[in-house]
Amino acid sequence: RNLLDMDTFSKSDPVVVLFMQSSGSSDWKEFGRTEVIDNTLNPDFVRKFVLDYYFEEKQNLRFDVAVLGAQDFLGQAFVALGEVIGSQRGRLERALTGVPGKRCGTILLLAEELSNCRDIVTMQLCANKLDKKDFFGKSDPFLVFYRSNEDGTFTICHKTEVVKNTLNPVWQPFTIPVRALCNGDYDRTVKIDVYDWDRDGSHDFIGEFATSYRELSRAQSQFTKCKKKKYVNSGTVTLLSFSVESEFTFVDYIRGGTQLNFTVAIDFTASNGMPSQPTSLHYTSPYQLSAYALALKAVGEVIQDYDSDKLFPAYGFGAKLPPDGKISHQFPLNNNVDNPSCAGIEGVLECYLQSLRTVQLYGPTNFAPVINQVARAAAQVTDGSQYHVLLIITDGVISDMLQTKEAIVTASSLPMSIIIVGVGPAEFEAMEELDGDEVRVSSRGRYAERDIVQFVPFRDYVDDSGNQVLSMARLAKDVLAEIPEQLLSYMKTHDIKPRRAEP
């Protein structure tokens, strides 16, 4: 909109060129360009760019606007893909800059997710008068579903449970993505085999039939008989119910207005070492950020694109506070108990460095107070419009394991996720226990409703050549990869659908 006019006798003929930066690199590569629109300062370009989107990466884009042929430069805009997706209705307006002393106009960016068949089907089948295969007693039937591939082969995509000792089984309803059933092609053959289960694994074939997603969706209840070569039929299979639901994606919720609220908690225990000493994990020089600052920047710079107010509560734990040396496990880094929010990631970094100069590192390492603090905030809005992400950066051994487990189990039913980044050389076995990937976290017989903790040791991501940008990109990629799934699992468990984005 309102582009610079570079042509003497008519208006400019603009084109937009999109450049991308690969993760951890500062080089720009051309990704593609729009068509040229003649003689206008307010072009609406038709050509779309199709990009792979990764929540966990900072995907930097550069849009250069130029006049083709004359090679006149009309301005440029820098933006992260996450900013476009995180903006209201996936629509972002940016001022164009780069021509000294001139107003270059603006660029409007629109992002939408390409749907790749996100439907999920729930169906239930039963059978009648199946062949008797067992010498003693009746058959133990089960169904096997196959989707057909492009090359005419079949791939197994679902097995029902075995219904014991009956020739008229009713199988439990089951759910399967349409992608898995037919790869999104509604007319592709779906083959269904009926077997009689045998303990030794040599299941007897009762019969088979072919159908398609389209046939199933029309709820044609009675299928052709399960044929076997030698005789007329081996019984019939009937479709009892068939329903389709759309599976929502992370982008659906973000576009529907869900905000990610980012909170930081930093370990101020004495085991980090005196901040003024180069051996300290908190030591920051003019040339190098500390591991704490790097971890904070890496995660924060990705998440901030999904938080419209860019205000981040930031806490410290395990320090003695002035003036009276009281130990605190959740002191605001900005010293404001009523409003612990800092402006932007840079604001959090400033408050962190300021706190290092004023508090005394002490102990112990307690996580529960700050987890409970964020859980209280998360509990206030549970309608899916807010989702909290707590980043805890720590150097090691946790002192309040029982209380922390209790806090995590309670938090697991709330709209929140916890990322723990371990810095320094310590052994972090206890943290692995909190990361419920292998075994769900439990406390006093209660199990976490879902897995909400992701733990990583920072040392695994440090680039050998000392490239901090690359280290940060790797760290962010790993710790944030689980957030979209965790947010979806909360929404699904509580049956929250994304709000419709206003057109």
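Note that the coordinates shown come from a computational prediction; the quantities given were computed from them, not determined experimentally. (Residues numbered from 1 in each chain as written. Predicted model: local features only at pLDDT ≥ 70, side-chain atom pairs only at ≥ 80, totals over all residues. Heavy atoms only, no water.)

J.: Describe the packing of helix 5 (residues 291-303) against helix 6 (residues 344-358), naming the residues involved and giving the relevant values.
T.: At a minimum axis distance of 10 Å, the contact between helix 5 and helix 6 shows a crossing angle of 160°. Between helix 5 and helix 6, the angle is such that the two are roughly antiparallel. Helix-helix and strand crossings are classified by hand; for helix 5 and helix 6 the assignment is right-handed. For the pair helix 5 and helix 6, contact is made by Tyr292, Ala293, Leu296, Lys297, Gly300 and Glu301 and by Ile345, Glu346, Val348, Leu349 and Tyr352, respectively. Residues that form the contact of helix 5 with helix 6 fall into these classes: 7 nonpolar, 1 polar and 3 charged. (Axes fitted to C-alpha atoms, helices over the stretch in contact; angles between N-to-C directions. Helix = DSSP H or I, 4+ residues; strand = E, 2+ residues; numbered from the N terminus. Parallel < 35°, antiparallel > 145°, perpendicular 65-115°, else oblique. Left-handed = near helix turned anticlockwise from the far one by under 90°. Contact = heavy atoms within 4.5 Å. Nonpolar A, V, L, I, M, F, W, Y, C, P; charged D, E, K, R; others polar.)

J.: Just give me the short version of empty space enclosed by the protein, but keep the residues and values in it.
T.: Empty pockets left among the atoms are what a rolling probe the size of a water molecule brings to light. Counting across every chain of the model gives 1 cavity of 30 Å³ or more. Within this model, the largest cavity holds a volume of roughly 50 Å³. Here the residues of the lining of the largest cavity are counted per class, giving 7 nonpolar, 2 polar and 3 charged. Taken domain by domain, the lining of the largest cavity gets at least three of its residues from each of domain 1 (14-110) and domain 3 (250-494). (1 Å grid on protein atoms, 1.4 Å probe; cavity = no way out; pocket = protein on both sides within 12 Å on 5 of 7 lines; lining within 4 Å. Points joined across faces, edges and corners; volume = space filled by probe spheres on them. Domains from an automatic or database assignment.)

J.: Can you lay out the pattern of salt bridges for me, pointing to particular residues and giving the numbers?
T.: A complete count under the given rule lists 18 salt bridges for this structure. Notably, a salt bridge pairs Asp44 with Arg1, separated by 2.7 Å at the nearest N-O pair. Placement of the pair is Asp44 in the loop between strand 2 (28-33) and strand 3 (60-67) and Arg1 in the segment before strand 1 (14-21), with a sequence separation of 43 residues. On the basis of relative accessible area, Asp44 is assigned to the exposed category, the value being 52%. With relative accessibility at 31%, the residue Arg1 sits in the partly exposed group. (Salt bridge = Lys/Arg side-chain N within 4 Å of Asp/Glu carboxyl O. Buried < 20%, exposed > 50% of the residue type's maximum accessible area, 1.4 Å probe, protein only.)

J.: Please give an account of the UniProt feature "domain: VWFA" (unreviewed entry) in the chain that cites residues and values.
T.: Listed under "domain: VWFA" (unreviewed entry) in the UniProt record, and renumbered for this structure, are residues 261-462. In residues 261-462, helix accounts for 29% and strand for 26%; the two terminal C-alpha atoms are 27 Å from one another. (UniProt positions renumbered as here; feature names shortened; annotations may be inferred.)

J.: Give a description of the sheet that holds strand 10 (residues 174-177) that names residues and reports values.
T.: The strand order across the open sheet built from 3 strands is 10-7-13, with neighbouring strands paired in antiparallel fashion. Each having just a single partner strand, strand 10 and strand 13 (236-246) make up the two edges of the open sheet. Strand-to-strand twist in this sheet, taken as the mean axis angle between neighbours without regard to direction, amounts to 30°. Pairing geometry for strand 7 (residues 119-128) and strand 13, over 10 bridges, is antiparallel. (Pairing = 2+ DSSP bridges.)

J.: An account of the sheet that holds strand 20 (residues 360-361) is requested, with residue identities and associated values reported.
T.: The strand order across the open sheet formed by 3 strands is 17-16-20, and the pairing between neighbours is antiparallel. Where the open sheet ends on each side, the last strands, each with one partner, are strand 17 (326-328) and strand 20. As paired elements, strand 16 (residues 319-321) and strand 20 share 2 bridges and run antiparallel to each other. Across the sheet, residue Ala319 finds its bridge partner in strand 20, namely Leu361.

J.: I'd like to hear about the nonpolar core, residue by residue, with values.
T.: By size, the foremost hydrophobic cluster in this structure holds 79 residues, and its most contacted members are Phe268, Val421 and Leu480. Lining this core are residues from two domains, each supplying at least three of them: domain 1 (14-110) and domain 3 (250-494). Not counting chain neighbours up to four residues away, the residues in contact with Val421 comprise Ala295, Leu391, Ile392, Ile393, Thr394, Phe455, Val456, Phe458, Leu475 and Val479. (Core = buried A, V, L, I, M, F, W, Y, C linked by side-chain atoms within 4.5 Å.)

J.: So what about helix 10 (residues 468-480)? Which residues, and what values?
T.: Along an α-helix, residues three or four apart share an orientation, since each turn contains 3.6 residues. In this model, helix 10 (13 residues) spans 18 Å end to end at C-alpha, consistent with the 18 Å of a helix rising 1.5 Å per residue. Listing the buried residues of helix 10 in full gives Ser471, Met472, Ala473, Leu475, Ala476, Val479 and Leu480. At its buried positions, helix 10 is contacted by helix 5, strand 22 (416-422), strand 25 (453-457) and helix 11 (483-493). Backbone nitrogen of Val469 and a side-chain oxygen of the N-cap are separated by 3.0 Å at the start of helix 10; the cap is Asn467. (Expected span 1.5 Å × (residues − 1). Polar contact = N/O pair within 3.5 Å; in protein donor to acceptor, adjacent residues only side chain to side chain.)

J.: Please give an account of the domain arrangement of the chain that cites residues and values.
T.: The domain architecture assigned to the chain consists of domain 1 (14-110), domain 2 (119-246) and domain 3 (250-494). At the interface, 14 residues of domain 1 touch 20 residues of domain 3. Summed over both sides, the interface between domain 1 and domain 3 buries roughly 1,400 Å², with carbon and sulfur atoms accounting for 61% of that surface. Applying the counting criterion to the domain 1 and domain 3 interface returns 2 salt bridges. For Asp305, the salt bridge identified is with Lys58, shortest N-O distance 3.3 Å. Run the count over domain 1 and domain 3 and you get 5 residue pairs in polar contact (both at pLDDT 80 or more). The dominant element in the side of domain 1 that touches domain 3, judged by the number of residues it contributes, is helix 1 (residues 81-86), at 4 residues. (Buried area = accessible area lost by both parts, 1.4 Å probe.)

J.: I'd love a proper account of the packing of aromatic side chains, names of residues and values included.
T.: Counting across every chain of the model gives 17 aromatic pairs. A ring pair is formed by Phe142 and Tyr195, whose centres lie 5.8 Å apart and whose planes are at 20°; its orientation type is stacked. Of the two residues, Phe142 sits in strand 8 (residues 141-148) while Tyr195 sits in strand 11 (residues 189-196), which places them 53 residues apart along the sequence. With relative accessibility at 5%, the residue Phe142 sits in the buried group. Ring geometry for Tyr195 against Phe205: centres 5.7 Å apart, planes inclined by 70°, an arrangement best described as edge-to-face. Here Tyr195, found in strand 11, pairs with Phe205, found in strand 12 (residues 204-212); they are 10 residues apart in sequence, far enough to count as distant. Accessibility expressed as a relative area gives 18% for Tyr195, which makes it buried. Under the relative-accessibility criterion, Phe205 is labelled partly exposed at 26%. Chaining the aromatic ring pairs together yields one cluster made of Phe55, Phe250 and Tyr306. (Phe/Tyr/Trp six-rings, centres within 6.5 Å; stacked < 30°, edge-to-face > 60°.)

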